[in-house]
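# Structural description and commentary
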Amino acid sequence: MFVKCTTLDEKITKDENVEITWTFRQLKFILEVKCQIPSQDIRLYYQYRLVEDDRTFQDYNVNSGDIIKMEWLNQPHTYNDKSKGAIDGIEVGTFWPSRLEVSNAGVHKPVQWGISGDPKNGAVSVVLSGGYEEDEDMGHVIFYTGSGGRTRGVQSDHQTLTGCNEGLAKNCKVNINRCDGIGVLTSNWNDCEPVRVVRQVEYMIPEEKNANKCRKISLYRYDGLYRICGYWPILGRCGFVLWRFLLAQDGIDQRQVFTVKNLSLTLTYSNNILERAQVERKRLGVSKYSSYRGDDRWLLVRSQ
């Protein structure tokens, strides 16, 4: 029989002849050769489910002609999706049980990455899933942490204003100062391009067999458009430099942002953030220090 292997954005499709008794690991080895992607960096999905490598096609009742979705991990972190703004037919408050179904709906196409965007076209969507402890979600105002610098889920280097982070910054509609690396808090938010925001939320629902007991489920909810109104580097709790983005719900009065929970922002010009990062890493017992390539002048924004 044959199966149709396609990437999540459906730009690459491979028709493969397989045996019903084959494991998905065997299919990965074939795709490794044809796509030049290491097999350990390939994830396969069938009918919205992540398949296990050592299970067979027969275990999942795969039929000839069925579609197997491919996701490639650890590739250059940009995602060229030009579908900006709201999507017809997708109402605010719509739920999905998995990131794959969010991707299939076109709301946020990357299954793993939290930011969908690239430096040329800007960003189109983000997902809030609690990946960074520096994130602050206040409802109609979000302080969102950028991506990059992680190894196996642990921060191991500084983030840079490149890739999808640069895509988010591009939405701010302010020229990026590459020489100084200075952050921006724009004064005219209406000129900033919005992104779609998806939140991972948890709910308690009654058990099917016992209504007196509840179980926790995790869903993904579309919460509408938010504008990228500013961005700046901060010293994260991990001891590395992280990029932070200010997202404000589309249509919100700009003055409201600075009254949420008595929030005020103090802009402080600093030229020693990397030295502070090195001191913090020593305090945390991290001996290796990776120097940041670029100017070390930063605009820090602290919540008071």
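For the structure given in this document, a descriptive report is provided here. Model, not experiment: these values are computed from the prediction.

So, about the overall build of the protein chain. Secondary structure assignment for the protein chain yields four helices and 18 strands. Here the protein chain holds 304 residues, and the buried ones make up 46% of them. Within the structure as shown, the protein chain displays about 15,900 Å² of accessible surface, and the carbon and sulfur contribution to it stands at 46%.

Now for the nonpolar core. Core analysis: the biggest nonpolar cluster contains 20 residues, and V126, Y144, L168, V195, V197, F245 and L247 have the highest contact counts within it. Sequence-distant contacts of Y144, defined by excluding residues within four places in its chain, comprise G114, I115, V126, V127, L128, D135, L168, W243, R244, F245 and L247. Within the second largest apolar cluster, 17 residues are counted, among which are C5, L31, I42 and F57.

A full pass over the atoms with the stated rule returns five aromatic pairs. With centroids separated by 4.5 Å and ring planes inclined at 45°, the aromatic side chains of F24 and F57 adopt a geometry described as tilted. In this pair, F24 sits in helix α1 (residues 24-35) while F57 sits in the loop between β4 (49-50) and β5 (67-72), placing the two residues 33 residues apart along the sequence. For F24, a relative accessible area of 0% gives the class buried. One aromatic cluster is present, built from ring pairs that chain together F24, F57 and Y60. Between R55 and the ring centre of Y60, over which it is positioned, the NZ or CZ distance is 5.0 Å.

Take the pattern of salt bridges next. This model, assessed by the stated rule, comprises 12 salt bridges. As a salt-bridge pair, K4 and D15 come within 3.2 Å of each other at their nearest N and O atoms. Of this pair, K4 sits in strand β1 (residues 2-7) while D15 sits in strand β2 (residues 13-17), and the two are 11 residues apart along the sequence. Note on D15: relative accessible area 46%, which makes it partly exposed. One salt bridge in this structure joins R55 and D59, with 3.4 Å as the shortest N-O distance. Overall, R55 belongs to the partly exposed group, its relative accessible area being 31%. Residue classification places D59 among the partly exposed positions, given a relative accessible area of 40%.

Bringing the sheet that holds β1 into the picture now. Strands sit in the order β2-β1-β5-β3-β4 across an open sheet of five strands; the sheet is mixed. The two strands at the open ends of the sheet, each matched to only one other strand, are β2 and β4.

This part covers the environment of T6. Summarising the element assignment, T6 is placed in strand β1. Expressed as a C-alpha distance, the spacing of T6 and I68, which sit 62 residues apart in the sequence, is 6.4 Å.

So, on to α1. Between the first and last C-alpha of α1 there are 16 Å, a value that for 12 residues agrees with the 16 Å anticipated at 1.5 Å per step. Within α1, the full set of buried residues consists of F24, L27, K28, L31 and C35. An end-on view of α1 places all buried positions within 105° of arc, on one side of the element. If you follow the buried residues of α1, they end up packed against β1, β2, β3 (42-46) and β5.

Turning to helix α3 (residues 163-170), a few remarks are in order. The element α3 is largely enclosed, with a buried count of seven among its eight residues. All of the buried residues in α3 are G163, C164, N165, E166, G167, L168 and A169. Where α3 is buried, its residues meet β7 (115-118), β8 (122-128), β10 (141-145), β14 (194-206), β15 (214-235) and β16 (241-249).

Of note, T23 is situated in the loop between β2 and α1. The residues touching T23, leaving out its near neighbours within four places in the chain, are D53, D54, R55, T56 and F57.

Looking now at the side chain of R196. By the element assignment, R196 lies in strand β14. Of note is the side chain of R196, whose polar atom sits 2.8 Å from the backbone oxygen of V107.

Each value, and the rule that gives it
Residues numbered from 1 in each chain as written. Predicted model: local features only at pLDDT ≥ 70, side-chain atom pairs only at ≥ 80, totals over all residues. Heavy atoms only, no water. Helix = DSSP H or I, 4+ residues; strand = E, 2+ residues; numbered from the N terminus. Buried < 20%, exposed > 50% of the residue type's maximum accessible area, 1.4 Å probe, protein only. Areas by Shrake-Rupley, 256 points an atom, 1.4 Å probe, with all protein chains shown as cover. Core = buried A, V, L, I, M, F, W, Y, C linked by side-chain atoms within 4.5 Å. Contact = heavy atoms within 4.5 Å. Phe/Tyr/Trp six-rings, centres within 6.5 Å; stacked < 30°, edge-to-face > 60°. Lys NZ or Arg CZ within 6 Å of the ring centre and 35° of its normal. Salt bridge = Lys/Arg side-chain N within 4 Å of Asp/Glu carboxyl O. Pairing = 2+ DSSP bridges. Expected span 1.5 Å × (residues − 1). Arc of directions from axis to C-beta. Polar contact = N/O pair within 3.5 Å; in protein donor to acceptor, adjacent residues only side chain to side chain.

Just distances and angles here, no functional claims.
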